[in-house]
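Listed here are the chains, written in short residue letters.
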Amino acid sequence: MAEDQVPMAGVAMTAVGVAVIRATESERADRLYDDPLARDFVAAARLGFEGTEDGRARWARVEALAAKFFDGRSLTVRVIDDEIARAVDNGCSQLVLFGAGLDTRAYRMALPARVRLFEIDLPELFAFKEPILAAAGATATCARQVVAADLRADWVSALVASGYRADLPAHWVDEGVLDYLPHADALRLAEWMTEISAPASSFALGRFDVAPQRERYAELGRLVGATASADRRGLGPDGERWLAERGWRTRFHPWDDLVESFGRPEMAGGSAAGLVRAVRLP
Ligand SMILES: C[S@@+](CC[C@H](N)C(=O)[O-])C[C@H]1O[C@@H](n2cnc3c(N)ncnc32)[C@H](O)[C@@H]1O
């Protein structure tokens, strides 16, 4: 793989940090999930970064930030695994991952062949990801579709061209992506998602107070070169009401309940933190 394919800056680079987190979790005896391909992504990314002195310094910052975010972020991976497994067990046959990054659920979750899993992310992310999957000989258990598109533009056409069917329910996943979009773009994304969601489609919206983690988010912004802007707030604090007003039935689930059985005391969020599960009404 050419070194210039390693995302060493920009939002695609944030996916490398999450891969570091998943690789770290996978090493633990008490792991909440196993993601062997995360190790391959991390090894390839490290090689790319370590080519220059500046790159080595940046890699050290990636690892330091991944360590800071590890506890809460790794739990989130498992919570979203569970949300996906639940949707599939309920018969859902379409999964759409917004900003999929270096996600490998198509490979590691034993998803059935009847499921189509659509990964939407930027072209530069897939330029890094796909050669590594190919070199590893990775085989998806479900029908995986790569959708190289910018979520701030028309991603729906690319999704439909990849085989997405608006007449079938879908489960939509936002795992740390909407908050990278300016508010207007996040709202438009949600409008379009709503338009092409058949009844019984589902979506989970995170509700967290990130204020205590402000400093680590600022460091992340400095590292990837994203402009810190008050405008970047995903669906915003009214996201739940927004969904409810557009035909989604919403229900709040406290984070502490969702993670209680994992035996990790981290990220007790207080009663206000959690997931809003939304189901598209007929
Ligand atoms: C923090 S990473 C999370 C990746 C993945 N969901 C995970 O949890 O491992 C954010 C991802 O969103 C993608 N992303 C950010 N802005 C995007 C945009 N405008 N269009 C498509 N993808 C975008 C980035 O490339 C990156 O892969």
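Residues numbered from 1 in each chain as written. Predicted model: local features only at pLDDT ≥ 70, side-chain atom pairs only at ≥ 80, totals over all residues. Heavy atoms only, no water.

- Going by what an unreviewed UniProt entry lists, the chain is known as S-adenosyl-L-methionine-dependent methyltransferase and is assigned to Nocardia aurea.
- As stated in UniProt under Function (unreviewed entry), the record for the chain gives "Exhibits S-adenosyl-L-methionine-dependent methyltransferase activity."
- The chain has a UniProt comment under Sequence similarities (unreviewed entry) that states "Belongs to the UPF0677 family." (UniProt positions renumbered as here; feature names shortened; annotations may be inferred.)

### Considerations on the sheet that holds strand β2 (residues 116-121)
Within a beta sheet, neighbouring strands are joined by backbone hydrogen bonds and run either parallel or antiparallel to one another.
Part 1 of the argument: Overall, mixed pairing links the 7 strands, which are arranged β3-β2-β1-β4-β5-β7-β6 in an open sheet. Each of the sheet's edge strands pairs with one partner strand only, and the pair in question is β3 (143-148) and β6 (248-254). Across the sheet, the axes of successive neighbouring strands diverge by a mean angle of 20°, strand direction being ignored.
Part 2 of the argument: Contacting β2 and β3, helix α5 (residues 123-136) runs over the sheet at an angle of about 145° to β3. (Pairing = 2+ DSSP bridges. Helix = DSSP H or I, 4+ residues; strand = E, 2+ residues; numbered from the N terminus. Axes fitted to C-alpha atoms, helices over the stretch in contact; angles between N-to-C directions. Contact = heavy atoms within 4.5 Å.)

### Examining the nonpolar core
Part 1 of the argument: Grouped together as the largest cluster of nonpolar side chains are 57 residues, with contacts concentrated most on Phe-41, Trp-59, Ile-84, Leu-102, Leu-111 and Phe-128.
Part 2 of the argument: Tallying contributions element by element places helix α3 (residues 53-89) first for this core, with 12 residues.
Part 3 of the argument: Phe-41 has contacts with Ala-19, Leu-102, Thr-104, Phe-128, Lys-129, Ile-132 and Leu-133, leaving out every residue within four places of it along the chain.
Part 4 of the argument: By size, the runner-up hydrophobic cluster in this structure holds 29 residues, among which are Tyr-164, Ala-186, Met-193 and Phe-203. (Core = buried A, V, L, I, M, F, W, Y, C linked by side-chain atoms within 4.5 Å. Buried < 20%, exposed > 50% of the residue type's maximum accessible area, 1.4 Å probe, protein only.)

### Re the layout of surface pockets
Part 1 of the argument: Its boundaries defined by the atoms lining it, the second largest pocket holds a volume of some 360 Å³.
Part 2 of the argument: If you trace the second largest pocket, you find 20 residues lining it, with Arg-86, Asn-90, Ala-200, Ser-202 and Val-279 closest to the centre.
Part 3 of the argument: Looking at the lining of the second largest pocket, the elements with two or more residues in it are α3, β5 (202-207), β6 and β7 (274-280). (1 Å grid on protein atoms, 1.4 Å probe; cavity = no way out; pocket = protein on both sides within 12 Å on 5 of 7 lines; lining within 4 Å. Points joined across faces, edges and corners; volume = space filled by probe spheres on them.)

### Points about the pairing of β5
Part 1 of the argument: In this structure, strand β4 (residues 171-174) lies alongside β5, joined through 2 bridges in parallel fashion. Opposite Trp-172, over in β5, you have Phe-203 as the bridge partner.
Part 2 of the argument: Between the parallel pair β4 and β5, the chain is carried across by helix α7 (residues 183-195), and the sense of this crossover is right-handed.
Part 3 of the argument: Sheet topology places β5 next to β7; 6 bridges connect them, and they run antiparallel. Bridged to Ser-202 within β7 is Val-279. (Right-handed = clockwise from strand over helix to strand, strands pointing away.)

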